[in-house]
Each structure stands twice: as C-alpha cells, then as structure tokens.
Amino acid sequence: MDYSAIIAISGNDNIKKSDAVIWLEGDSLSRMNEVVRIYKAQLADLIVVSGGAIHARPFTTPAPELARELYKQGIPEDKVIIEGQSQNTFEQGIEVMKIAAQKKWQKIIIVASPFHQARAYLTFLQAMANAGLKIQVYNSPAKDLAWFEQLPSGKTRAELFADELKKIDEYGKKGHIYPIAGVLEYQAWKEAQS
C-alpha cells in the first residue's frame, strides 16, 4: 500500500494551540526537546508522558522516568500527566483517548520520532474513532535526529522506518490503524477547524 500521503502529512502538520502535547516513549530521550519546545512556546497547556515500558527494550524509558527529565527542564509537576499503563502504540492511543475524553480535550499534539510518526498518527486516529471522539490530532515529530546513527536497539532510524512500514501493515490487519482513505478526509476536516 502507498503511505506517501500519510508520511508527508505526519511529517509536516500545521499544529495549532492544543490542550496537551503527548510524548510517546521510545527512542530514548530524543523526543524530549520537541515536547519542551511545544510546551514553552505555549502551544500546549499540559504534557502527557505516555508509555509503561515494562517490557523495556534498549531505547525505551518508562513514563515516570521521562517525567523526571521534564522536571529537570523546568516543567512544573502539575503540568505533567503520567500515563504509565500502555505497552505499545495502540495502547498509548487508547489510554490517551481515555484522558482526552475525561478532560474534554479538543486538540492534542503527538510527538514521536520521524520514523514512527506516521504509524503513531494512524493509530491515534483509530483509538479516537474507537473511543467515539472527534478531536484534532496534530503531529510534531522530534527534530534534528540522525537517520543513520546506530541506536541502542542495534538499528538506525532509517532501518526502523522500514520496520514501521511493515508494522503499519500488521496494525492494519489487527484493525489498529485508521483507514488510509479516511485519513485524508479527516485531515481536510481538521484543517478546516479554527
């Protein structure tokens, strides 16, 4: 399947002021600078750190540890929500949508690494649909990350990107991603909102 439109959208979204920025755990601390940038630019009122990482891989860090890194950056504790239950991207989407529903959020920004952002976006849209919500989900992948640097996982981000395309197919078979045709319609709806 051709994912080029989804990859383009998820890598170049026009983010708007949102209720929260979501830091998806993974890729060590490489996503933190983008999360902090968004918060300090007042593009999000809160930060959700999402991911339990019980079955930790070399490049994952549990949400409570990520939150401690935010506190070191001067982010107040009352501005950070820790979602530490999820063990994968689909569960992250489910748990974050529970929080969004409870807090009546209308807009969120998700931050993943560039190799992961497209699948994260598709997964969060499916979790949103499963929760019966219609909110604006924006993408802001971490910036300035090397594509060919050897990571603790033993792979480069370029290799992980190739893996992500396979994971999109796998998630699709499980019903864990939003239908590709529906994403363009959703994106047009989102862009038409104020």
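Look a little higher up for the structure.
On a predicted model such as this, the values are computed, not experimentally measured, just so you know.

Caption draft 1: A look at the nonpolar core. I22, W105, I108, F124 and V137 are the most contacted members of the largest nonpolar core, which totals 35 residues. Mapped onto this core, the elements with two or more residues apiece are α1 (4–11), β1 (18–24), β2 (44–50), α4 (89–103), β4 (107–111), α5 (117–130), α6 (157–174) and α7 (180–192). The next biggest cluster of nonpolar side chains, apart from the first, holds 20 residues, and it includes I47, A67, V80 and V111.

Caption draft 2: The side chain of T123, seen in detail. Relative to the assigned elements, T123 resides in helix α5. With sequence-adjacent residues up to four places away left out, T123 is seen in contact with T89, F90, Y171, H176 and I177.

Caption draft 3: Region of interest: α1. Listing the buried residues of α1 in full gives I6, I9 and S10. All buried residues of α1 lie within an arc of 95° about the axis, which places them on one face of the element.

Caption draft 4: Representation of the pattern of salt bridges in the model. Taken as a whole, this structure holds ten salt bridges when the rule is applied. Notably, a salt bridge pairs E34 with R37, separated by 2.8 Å at the nearest N-O pair. With E34 and R37 both in helix α2 (residues 32–40) and three residues apart, this pair spans about one turn of that helix. On the accessibility criterion, E34 (4% relative accessible area) is buried. If you follow the salt bridges from partner to partner, you end up with D27, E149 and R157 in one network.

Caption draft 5: Representation of the side chain of S113 within the structure. Tracing the backbone through its elements, the reader meets S113 in the loop between β4 and α5. Residue S113 is classed as buried on the basis of its relative accessible area of 0%. Side chain to side chain, S113 and D27 meet in a polar contact 2.5 Å long. Those residues in contact with S113, other than ones at most four positions away along the chain, are D27, S30, R31, P141 and L145.

Caption draft 6: Quick peek at the packing of aromatic side chains. Using the criterion set out here, one finds three aromatic pairs in the structure. Aromatic pair W147 and F161: ring centres 6.2 Å apart, planes at 85°, arrangement edge-to-face. Separated by 14 residues along the polypeptide, W147 in the loop between β5 (136–139) and α6 and F161 in helix α6 bring together distant segments of the chain. When the ring of Y186 is compared with that of W189, the centres are 5.5 Å apart and the planes differ by 40°; the resulting orientation is tilted. In this pair, Y186 and W189 are both assigned in helix α7, three residues apart and thus about one turn of the helix distant. The class of Y186 is buried, set by a relative accessible area of 2%. Connected via pairs of aromatic rings, a cluster forms that spans Y121, Y186 and W189. Here the guanidinium or amino end of R119 rests over the ring plane of Y171, the centre of that ring lying 4.6 Å away. Here the basic side chain of K134 rests over the ring of W189, its NZ or CZ set 4.6 Å away from the ring centre.

Caption draft 7: Structural view of the packing of α1 against α5. At a minimum axis distance of 8 Å, the contact between α1 and α5 shows a crossing angle of 95°. On the basis of the axis angle, α1 is roughly perpendicular to α5. Residues I6, I7, I9 and S10 of α1 touch α5, and the partners they reach there are Q117, A118, Y121 and L122. Partitioning the contact of α1 with α5 into residue classes produces six nonpolar, two polar and no charged.

Criteria and cut-off values
- Residues numbered from 1 in each chain as written.
- Predicted model: local features only at pLDDT ≥ 70, side-chain atom pairs only at ≥ 80, totals over all residues.
- Heavy atoms only, no water.
- Core = buried A, V, L, I, M, F, W, Y, C linked by side-chain atoms within 4.5 Å.
- Buried < 20%, exposed > 50% of the residue type's maximum accessible area, 1.4 Å probe, protein only.
- Helix = DSSP H or I, 4+ residues; strand = E, 2+ residues; numbered from the N terminus.
- Contact = heavy atoms within 4.5 Å.
- Arc of directions from axis to C-beta.
- Salt bridge = Lys/Arg side-chain N within 4 Å of Asp/Glu carboxyl O.
- Polar contact = N/O pair within 3.5 Å; in protein donor to acceptor, adjacent residues only side chain to side chain.
- Phe/Tyr/Trp six-rings, centres within 6.5 Å; stacked < 30°, edge-to-face > 60°.
- Lys NZ or Arg CZ within 6 Å of the ring centre and 35° of its normal.
- Axes fitted to C-alpha atoms, helices over the stretch in contact; angles between N-to-C directions.
- Parallel < 35°, antiparallel > 145°, perpendicular 65-115°, else oblique.
- Nonpolar A, V, L, I, M, F, W, Y, C, P; charged D, E, K, R; others polar.

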